[in-house]
Amino acid sequence: MSNHEVPTPINAKFFSKGAIILSFLTLIGALGYIYRLIYGLDTTTNLSNQYPWGIWIAIDVATGVALAAGGFTTAALADIFHRNKYHSLTRPALLTAMLGYTFVVVGLLADLGKYYNVWHPMLPSMWQGNSVLFEVGICVMIYLTILYVEFFPIVIERFMGHVNLPGLLSKYNSLIESFLKISNRTLYRVLSLFIIAGVVLSCLHQSSLGTLMVIAPYKMHPLWYTPILPLLFLLSALSVGFPMVIFESILSSWSFKIKPEIKTLASIAKYTPILLFCYLSIKVADLAIRNAFGYIGETSIESFCFILEMVIGVIIPMVILFQRDKRHSIKYLFLSALCIIFGILLNRINVFLVAYTPPYSTGYYFPSFVEIAVTAGLISGLILVYRFMVIHLPVISIQRVKYNAVTDTPKSESTVKA
Amino acid sequence: MDKDRRKFLKLSTVATASLIPSVTSASTEHCEDDFDNAFGVLVDTTVCVGCRNCELACNQQNELPEQPEEHFSDKSVFNSMRKPSVEAYTVVNRSIDSQPSELGSFSKIQCMHCNHPACVSACIVGALTKCTHGVVSWDAWKCIGCRYCMIACPFQIPAYEFKEPLKPRVMKCTFCYDRIHDNKKPACVESCPVEALTFGKRRDLIKLAHSRIETSPDKYYDHVYGEKEIGGTSWMYLASKEFINYDLPKLGEEQIPQMTEIIQHGIFKSFLPPLALYGFLGLVMHSIRQNKKKETENDEQS
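Here's a quick rundown of the structure. Per-chain numbering applies: the sequence of each chain, read as written, is numbered from 1 onward. Chain labels run from A onward and ligand labels from 1 onward, assigned in the order the entries are written. Under the rules for a predicted model, residues below a pLDDT of 70 receive no local features and side-chain atom pairs below 80 are neither given nor counted, while totals for whole chains, interfaces and linings still include all residues. Calculation of side-chain values draws on the structure's entire complement of heavy atoms; hydrogens and water are dropped beforehand.

### Some remarks on the packing of helix H7 (residues 229-256) of chain A against helix H9 (residues 271-289) of chain A
All names here are of chain A. An axis is simply a line fitted to the C-alpha atoms; with a helix, the fit covers only the stretch in contact. Between two such axes, the angle follows the N-to-C directions and lies from 0 to 180 degrees. Counting from the N terminus, the helices are the DSSP runs of H or I reaching at least four residues and the strands are the DSSP runs of E reaching at least two. Here H7 crosses H9 at 160°, and the two axes come no closer than 9 Å. Relative to H9, the element H7 is oriented roughly antiparallel. Pair H7 / H9 crosses with left-handed handedness. Along the contact surface, H7 presents Leu-231, Leu-232, Leu-235, Ser-236, Leu-238, Ser-239, Phe-242 and Pro-243, while H9 presents Tyr-271, Thr-272, Leu-275, Leu-276, Cys-278, Tyr-279, Ile-282 and Lys-283. Classifying every residue of the contact of H7 with H9 by side-chain character gives 12 nonpolar, 3 polar and 1 charged. Each angle receives one of four descriptions, namely roughly parallel if under 35 degrees, roughly antiparallel if over 145, roughly perpendicular if within 65 to 115, and oblique otherwise. Helix crossings are classified by the rotation of the near helix relative to the far one: an anticlockwise turn of less than a right angle makes the crossing left-handed, while a clockwise turn makes it right-handed. In this description, contact between two residues means that some pair of their heavy atoms is separated by no more than 4.5 Å. In this classification, Asp, Glu, Lys and Arg are treated as charged, Ala, Val, Leu, Ile, Met, Phe, Trp, Tyr, Cys and Pro as nonpolar, and every other residue, Gly included, as polar.

Quick look at the structure:
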């Protein structure tokens, strides 16, 4: 096996035009976040006794966790099943997962009424084995730790042998250096155990996020209420894993003007339509068994959202990605990945918000400005930290042939073929 | 390497096993007898006159925001549906189809104190508990404010202090736990001038309800709401006609937490499924790695 691609810090300016816009959004989000912490949920959100959960749960937490699935799916494929050609994708996927989960926790803190009690589930005296949320919480907590451990070797690789702290701190240089060396040796031995644990924990909480709403049978719309929600959540998380990696890889290649790894991306995309097909079949079978097909025909917000979710999120990308030639086109790869990501977003919003109908309600829930600002701020912040990390740490693998970055917006098709 | 690995596996097994509590189903621990011995209240909606004394007594007992007494004699509140809120643990609603002039068809709404409460099963930190008296109570200190209990409750009862930035509480009927403890009736029951509310052992109340239906079958619709709904509730209702409305929705007899608990405890059955997955993935990883090693060795030799 000869692998020419080596992960390297990207040589780019941090503040591109896009990064400035994102910084602006992050700033607004941060202000909204602080505003919420000071003034409480009532002033800042449209949550109510009728609709106790909003987009901070549906998007920041549920969608965030699903979209971070690239981390464990790629790790399983490359490290456990040893498909070595995908190794160049594991680091960006790992970084996304690590940052994704970190921002999930940050987002969750905004939503929790008593955010300062977030550590309570760790106390044995408060363990509650019947609670699905408890399991999700514990799994996410352990998995986040594992992600940091998995990411640490990348930090070691960058700094081992180059620790050079300025001024007074310089006396700690050798200490840190030896710490890095010891960690490096230990981690090298046990890393695979962490990787497997990460995959197991992911499967557990990805599915359990679906189990969450199974507790509200009388409040959920029949298009989404099914006891197999956990299976559907797991399958959809597995399906969105690789598309998310593809989506990011293409985006960063455009942003940093490097050549997209089209062959690897096309190759990893071949698993996705199969997973989507499984998802679609189970979904159809489930609707048939529960006799819920009729609800698709009713003209309501629910049926519209359901059709949108299935057509854009599942059927269209599945059809595109089943075709070999389309998988080798950056344009189609990007389009289908975008569709799937949108589908996941819509699915989670549907399950947690659209399908939720309290027996007594005086209106609908629609997110407030602060809710939207905080969510947008979190996403922007995540992208910025990601950008910062790939500029300073060896995450993205670059092929030796570099992009000729003359034009600002590279035309993907022409450059890829060239 | 292999030895280390096995050692680590063992260690991590022990670690994870001790990390998460043994998953015995709390709500199936009780036998049905416990629930029948627990306290309950029978609400006879055919007797209720809608005086709202119970609301006043409740607010006073629970030190809810002071309201002038005139507030509680205002009958115009019946023109719209109300739900218990952070300012009122209990409210009286008039049945939607009854004429304004007609008396009767009032029903008092509060936490039903279910036998198998969905909120208790849902709560991430066990802040909600069902105690032997039948009371579902909430622990302010444990609560983290996730509001999953509100999602879970089929009666849409728990209210949340969204306005409170630092110490928001989940607000709902406490079943006057302290009063029950002191052998007193709940404040609302005591305040009722027409004895629409009967406090007692759940078992006796079920008997009482059925005997009332038997003695005056014309007056009552033959159903004790809460006797069997979602596995039974501590608060039960009698009415003159079928009483399915927003407050007392049509519910099956299956306990609500059953499905999620079956799924959860299935996935975590003695931790076997996750451990099996771990072992399987480890095996796959190991064997493929060995194969690859052999391949490269062969390549080097040839």
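Having seen the model, we can carry on.
### Section: the interface of chain B and chain A
Taken together, the contacts link 72 residues of chain B with 66 residues of chain A. Buried area: the sum, over both parts, of the accessible surface (1.4 Å probe) that disappears when the two are put together. Counting the surface lost from both chain B and chain A, the interface buries some 6,400 Å², and carbon and sulfur atoms represent 66% of this. Any Lys or Arg side-chain nitrogen found within 4 Å of a carboxyl oxygen on Asp or Glu counts as a salt bridge. Counting the contacts that link chain B with chain A gives 2 salt bridges. The salt bridge partner of Arg-147 of chain B is Asp-111 of chain A, with a shortest N-O separation of 2.9 Å. The set of elements that each furnish at least two residues to the side of chain B that touches chain A consists of helix H1 (2-19), helix H2 (26-29), helix H6 (118-122), helix H7 (148-152), strand E6 (159-160), helix H11 (257-267) and helix H12 (272-301) of chain B. Top element by residues in the side of chain B that touches chain A is H12 of chain B. It accounts for 10 residues.

### Topic: empty space enclosed by the protein
Residue and element names in this part refer to chain A. As defined here, a cavity is a set of points on a 1 Å grid over the protein atoms alone where a 1.4 Å probe fits but cannot get out. A pocket is an open set with protein on both sides within 12 Å along at least five of seven lines, and residues line them when an atom is within 4 Å of a point. Grid points are joined across faces, edges and corners, and a volume is the space filled by probe spheres set on the points. Under the counting rule described, the total for this entry stands at 12 cavities of 30 Å³ or more. By volume, the largest cavity is sized at about 130 Å³. In this structure, the largest cavity is lined by 16 residues; those nearest its centre are Pro-92, Ser-249, Ser-252, Glu-261 and Ile-396. Among the elements of the structure, helix H4 (87-111) and H7 are those that each provide at least two residues to the lining of the largest cavity. Take the lining of the largest cavity: its biggest share by element is 5 residues, from H7.

### Quick word on the pattern of salt bridges
Residue and element names in this part refer to chain B. Evaluation of the coordinates by the stated rule reveals 10 salt bridges over all chains. Note that Asp-44 and Arg-212 form a salt bridge whose closest N and O atoms lie 2.8 Å from each other. Separated by 168 residues along the polypeptide, Asp-44 in strand E1 (residues 39-44) and Arg-212 in helix H10 (residues 202-215) bring together distant segments of the chain. Think of it in three bands: with a 1.4 Å probe and only protein chains considered, a residue is buried below 20% of the maximum accessible area for its type, exposed above 50%, and partly exposed in between. Exposure remark for Asp-44: the relative accessible area of 1% places this residue in the buried category. For Glu-55, the salt bridge is made with Arg-52, and the minimal N-O distance between the two is 3.0 Å. Judged by its relative accessible area of 0%, Arg-52 falls in the buried class. One continuous salt-bridge network, built from bridges that share partners, spans Arg-52, Glu-55 and Arg-82.

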